[in-house]
Amino acid sequence: MKARASSTFRSLRSFNYRIWIGGAFVSNVGTWVQRTAQDWLVLTQLTHHDASAVGWVMALQFGPQLFLLPWTGFAADHFNQRKLLIATQATMGLLAIALGVLTVAGVVELWHVYIFAFLFGSAAAFDAPVRQTFVAELVGDEDLHNAVALNSTSFNAARMVGPAVSGIVIAAVGTGWAFLINGASFAAVLVSLAFLRTAELRPNARVVRGRGSFADGLRYVWGRPDLKAILVLLFLIGTFGLNFPIFISTMAVSVFHTDARGYGLLSSIMAIGTMSGALLGAGRATPQFRLLLVGAAIFGLGCTLAALAPGYWMFAGALVIIGAAALTLTNTTNSLMQLSTEPAMRGRVMALRVGIALGGTPIGAPIVGWVASHYGPRWALGVAAASGFAAAIVALVAVGRRSKDRLTPNL
């Protein structure tokens, strides 16, 4: 048992990783505080339970992940990753504080939220691929899969705390203070970046600047059937399945008629599943492609159960299943793509991964929001379930191809 625990948390032997994950946890709590508050602000204060408006906020926030791809992947592969993270984290912190000031002052309007969602998403588009590949600089390839899983554990431990804290803050002092709390939380990750032992970092290979860098990344992925299958799976789940702000907020308000605290609790309960999935992933020696098939199928099943749930607590239980499956999918795709990609290409490949997984949100979130508004949130969850089952078919075909390739002798 002790050996298993040591294996699960082996990345924590690195001083730099311990410093990084500590600061990231504090910042992640603030992120979940803001995400919960933002959805509640749009759904209950700036509109009359308009799920479509939440969908448009999500579209604006995640859309930059896709259309900024040529520049985000380039930045991750060419610039000093630590310095780039300092810039993106500071920018997101200032944006959160600005939105908080507007909200506390009582002058915030829906179009303000739209603009800040877009600006925040643009900064996050540069932050995400470099933050994911920076893990390899902290621990090296040998512990990369473990570090990715522990990052997710930290993120989802924060997800257990953040939404509940947000619900309490909203009920006690108002939505604007949740944004201010998030802005302040970015100081933790900035301090952690400042205290890293730079001599102990293991820099990824940098690429010589030149034209066609993004096209090189596309050609690299196009020549890899395994990477193409992962990206198709991520597009299906990311576009139509990972719209939890819409699903949870509309079910909480329209079906179960709960308040901000009840809504925040649902998001925290979902984090029990995601954190469980992250810890299970951390204990695995290497990522397995077949886990994508299992994760996608269970995701579809969990969304089906959530759509049919007769009561609040049954719905909460289904969210645990969905969370575990979603985390298994995202962590496995992250590790598989990084470990099977040449170091000099990782930034561009991971930018493509993030862009495909989140960049489909401008397509899916408005559609899912429209379905929730016109037919009810249960039907919106049905759309998510369909995306999970479709992704499972893609994974099944890919697993079959990989098995066939291994059995076919070279001629």
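Residues numbered from 1 in each chain as written. Predicted model: local features only at pLDDT ≥ 70, side-chain atom pairs only at ≥ 80, totals over all residues. Heavy atoms only, no water.

**Q** In this structure, what is going on with the overall build of the protein? I would like to understand it.
**A** Summing up its helical and strand segments, the protein has 18 helices and zero strands in all. For the protein, the spread of C-alpha atoms along the three principal axes comes to 65 × 50 × 45 Å. Within the protein, the proportion of its 411 residues that are buried is 57%. For the protein, the share of sequence-separated contacts (at least 6 apart) that also reach a separation of at least 24 residues comes to 87%. (Helix = DSSP H or I, 4+ residues; strand = E, 2+ residues; numbered from the N terminus. Buried < 20%, exposed > 50% of the residue type's maximum accessible area, 1.4 Å probe, protein only. Contact = heavy atoms within 4.5 Å.)

**Q** Help me understand unusual backbone geometry, please; the structure alone is not making it clear to me.
**A** It is generally the case that most residues other than glycine have a negative phi and that most peptide bonds are trans. The backbone of H49 shows a phi angle near 55°, a positive value even though the residue is not glycine. Its location among the elements puts H49 in the loop between helix 2 (15-46) and helix 3 (51-62). On the basis of relative accessible area, H49 is assigned to the partly exposed category, the value being 39%.

**Q** How do you make sense of a nonpolar patch on the surface when you look at a structure like this?
**A** On the surface, V294, I298, L301, L305, I321 and F389 cluster together into a nonpolar patch covering about 470 Å² of accessible area. At four residues, helix 14 (residues 290-308) tops the list of elements feeding residues into the nonpolar patch. (Patch = residues over 30% accessible without salt bridge, like charges linked within 9 Å, V, L, I, M, F, W, Y side chains within 5 Å. Areas by Shrake-Rupley, 256 points an atom, 1.4 Å probe, with all protein chains shown as cover. Salt bridge = Lys/Arg side-chain N within 4 Å of Asp/Glu carboxyl O.)

**Q** Help me understand the packing of aromatic side chains in this model?
**A** Given two aromatic rings, one states the distance between the centres and the angle between the planes to describe the pair. All chains considered together, the criterion is met by nine aromatic pairs. Consider the rings of F67 and F118, whose centres lie 6.0 Å apart with planes at 15°: the pair is stacked. Highlighted residues: F67 in helix 4 (residues 64-67) and F118 in helix 7 (residues 110-139), separated in sequence by 51 residues. You can call F67 partly exposed: its relative accessible area is 45%. We classify F118 as partly exposed; its relative accessible area is 33%. Between F256 and Y312, the aromatic rings sit 6.0 Å apart at their centres with planes inclined by 80°, giving edge-to-face as the arrangement. (Phe/Tyr/Trp six-rings, centres within 6.5 Å; stacked < 30°, edge-to-face > 60°.)

**Q** Teacher, can you tell me more about the nonpolar core here?
**A** Within soluble globular proteins, side chains that are nonpolar tend to cluster in buried spots. F244, I246, L266, L292, F299, F315 and I322 are the most contacted members of the largest nonpolar core, which has 91 residues in total. Ranked by residues supplied to this core, first place goes to helix 15 (residues 312-339) with 11 residues. Leave out the neighbours within four places in its chain, and F299 touches I237, G241, L242, F244, I322, A325, A326, L329, A384, S387 and G388. If you look at the next biggest cluster of nonpolar residues, it comprises 21 residues, including Y17, W20, L150 and V189. (Core = buried A, V, L, I, M, F, W, Y, C linked by side-chain atoms within 4.5 Å.)

**Q** How should I be thinking about the pattern of salt bridges in this particular structure?
**A** Side-chain pairs of opposite charge can arise whenever the charged atoms involved come near each other. By the definition in use, this model includes four salt bridges. Note that D127 and R131 form a salt bridge whose closest N and O atoms lie 2.6 Å from each other. Here D127 and its partner R131 are both found in helix 7, four residues apart, which amounts to about one turn of the helix. On the basis of relative accessibility, which here comes to 1%, the residue D127 falls in the buried class. For R224, the salt bridge identified is with D226, shortest N-O distance 2.8 Å. The exposure class of R224 is buried, given its relative accessible area of 18%.

**Q** Help me out: how do you make sense of the environment of S254 in this one?
**A** Within the secondary structure, S254 sits in helix 12 (residues 244-255). With relative accessibility at 38%, the residue S254 sits in the partly exposed group. For the pair formed by S254 and A372, sequence separation is 118 residues and the distance between their alpha carbons is 9.7 Å.

**Q** Where do I start with the packing of helix 2 against helix 9 (residues 175-194) in this structure?
**A** A packed helix pair is summarised by two numbers, namely the angle formed by the two axes and the spacing between the axes. Remark: helix 2 packs on helix 9, axes separated minimally by 8 Å, with the N-to-C direction vectors making an angle of 160°. With respect to their mutual orientation, helix 2 and helix 9 come out roughly antiparallel. Where helix 2 crosses over helix 9, the two elements pack in a sense that is left-handed. Each residue belonging to the contact of helix 2 with helix 9 can be placed in one class, and the counts come to 13 nonpolar, 11 polar and no charged. (Axes fitted to C-alpha atoms, helices over the stretch in contact; angles between N-to-C directions. Parallel < 35°, antiparallel > 145°, perpendicular 65-115°, else oblique. Left-handed = near helix turned anticlockwise from the far one by under 90°. Nonpolar A, V, L, I, M, F, W, Y, C, P; charged D, E, K, R; others polar.)

**Q** Got a minute to help me understand the side chain of S166 in this structure?
**A** Structurally, S166 can be placed in helix 8 (residues 144-172). Its relative accessible area of 0% is what places S166 among the buried residues. Within the structure, the side chain of S166 is placed 2.9 Å from the backbone oxygen of V33, a separation counted as a polar contact. When neighbours within four sequence positions are excluded, S166 is seen to be in contact with V33, T36, A37 and A178. (Polar contact = N/O pair within 3.5 Å; in protein donor to acceptor, adjacent residues only side chain to side chain.)

**Q** Sorry if this is basic, but what is going on with the environment of L227 here?
**A** Among the secondary structure elements, L227 is positioned in helix 11 (residues 225-240). Residues L227 and T333, spaced 106 residues apart in sequence, show a C-alpha to C-alpha distance of 9.0 Å. Residues contacting L227, with those up to four places away along its chain left out, are Y220, V221, M337, S340 and T341.

**Q** How should I be thinking about the confidence of the model for the protein in this particular structure?
**A** The predicted structure's coordinates, where accompanied by low pLDDT, should not be read in detail. Across the protein, the average pLDDT comes to 84, with 90% of residues at or above 70. Low pLDDT (under 50) marks residues 1-5, which in the prediction has one contact with non-local residues, meaning those over four places away or in another chain. (pLDDT = per-residue confidence, 0-100.)

**Q** Before we go on, may I ask you to explain the side chain of D127 in this structure?
**A** Reaching out from D127, the side chain makes a polar contact with the side chain of Q89 at a distance of 2.9 Å. A polar contact of 2.6 Å, which involves the side chain of D127, links it to the side chain of R131. Residues contacting D127, with those up to four places away along its chain left out, are L85, T88, Q89 and M92.

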